[in-house]
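Residue-level structure breakdown
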Amino acid sequence: MFEPAPEYPYAESLEADGTPAPHPLLTPVLGLLGEWRGRGEGEYPTLDGDFAYAQEVRFSHDGRPFLRYEARAWLLGEDDVPLRPAARESGWWRLQPDGRVEALITQPTGIAEIAVGQAAEGAVDLATHQVATTPTAKHVEATRRRYTLTAPDTLTFVHDMAAVGRPLQHHLAARLRRAKG
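Computed from a prediction, not measured in an experiment: that's the story for all the values here. (Residues numbered from 1 in each chain as written. Predicted model: local features only at pLDDT ≥ 70, side-chain atom pairs only at ≥ 80, totals over all residues. Heavy atoms only, no water.)

Observations regarding the overall build of the chain
When its secondary structure is counted, the chain shows 0 helices and 10 strands. Listing every helix and strand of the chain by position from the N terminus yields β-β-β-β-β-β-β-β-β-β. Per-residue burial over the chain gives 34% buried out of 181 residues. At a minimum sequence separation of 6, the contacts of the chain that also span at least 24 residues come to 39%. (Helix = DSSP H or I, 4+ residues; strand = E, 2+ residues; numbered from the N terminus. Buried < 20%, exposed > 50% of the residue type's maximum accessible area, 1.4 Å probe, protein only. Contact = heavy atoms within 4.5 Å.)

Structure, rendered in structure tokens:
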């Protein structure tokens, strides 16, 4: 026979909706929490022309000083209909007392990034500290990612990349709207 489960021992740490209270170190990035969706444009010298894409980004937490990060994108056709998945990544952003951010970001294409940067009210700027790739992954040397709240419901994303022997340069830019918060 199973004993009934004890009451949840951390109920006092939950918000009214049942989610954990945010850790105080998350204060500079609280505006990012939730789900964001929108459109963007991309380019890179090794690709055949510019492209349009749709993107979805989610930021969540579990009460510790970490943000859970998930993003996915789809290439769009001329009629704005998704053609195929374009990118997917997930990871954790570790917030530090001085506003520094240490991010771990992995992609199913065999790329794992460690990025470091700074979080200030409504903005996070991350640059590559280290990149690891699997033997068959595209060679990526560096990235820079900037997330900026331009309004309570608008998030801009800019991604620069140095890959396959090319220097760090613009790759992606998107404007996302809050879908859920």
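Considerations on the pattern of salt bridges
Two side chains carrying opposite charge are able to pair once their charged atoms lie near each other. Counting across every chain of the model gives 15 salt bridges. One salt bridge connects Asp98 with Arg100, and the closest N-O pair in it is separated by 2.9 Å. When its relative accessible area of 47% is taken as the criterion, Asp98 is described as partly exposed. Note that Arg177 is salt-bridged to Asp153, the shortest N-O span being 3.9 Å. Taken together, the positions of Arg177 in strand β10 (residues 169-180) and Asp153 in the loop between β8 (140-151) and β9 (154-163) put the pair 24 residues apart, joining distant regions of the chain. Since its relative accessible area comes to 41%, Arg177 is described here as partly exposed. The class of Asp153 is partly exposed, set by a relative accessible area of 39%. Here the salt bridges do not stand alone but share partners, grouping Glu35, Arg37, Glu56, Arg58 and Arg72 into one network. (Salt bridge = Lys/Arg side-chain N within 4 Å of Asp/Glu carboxyl O.)

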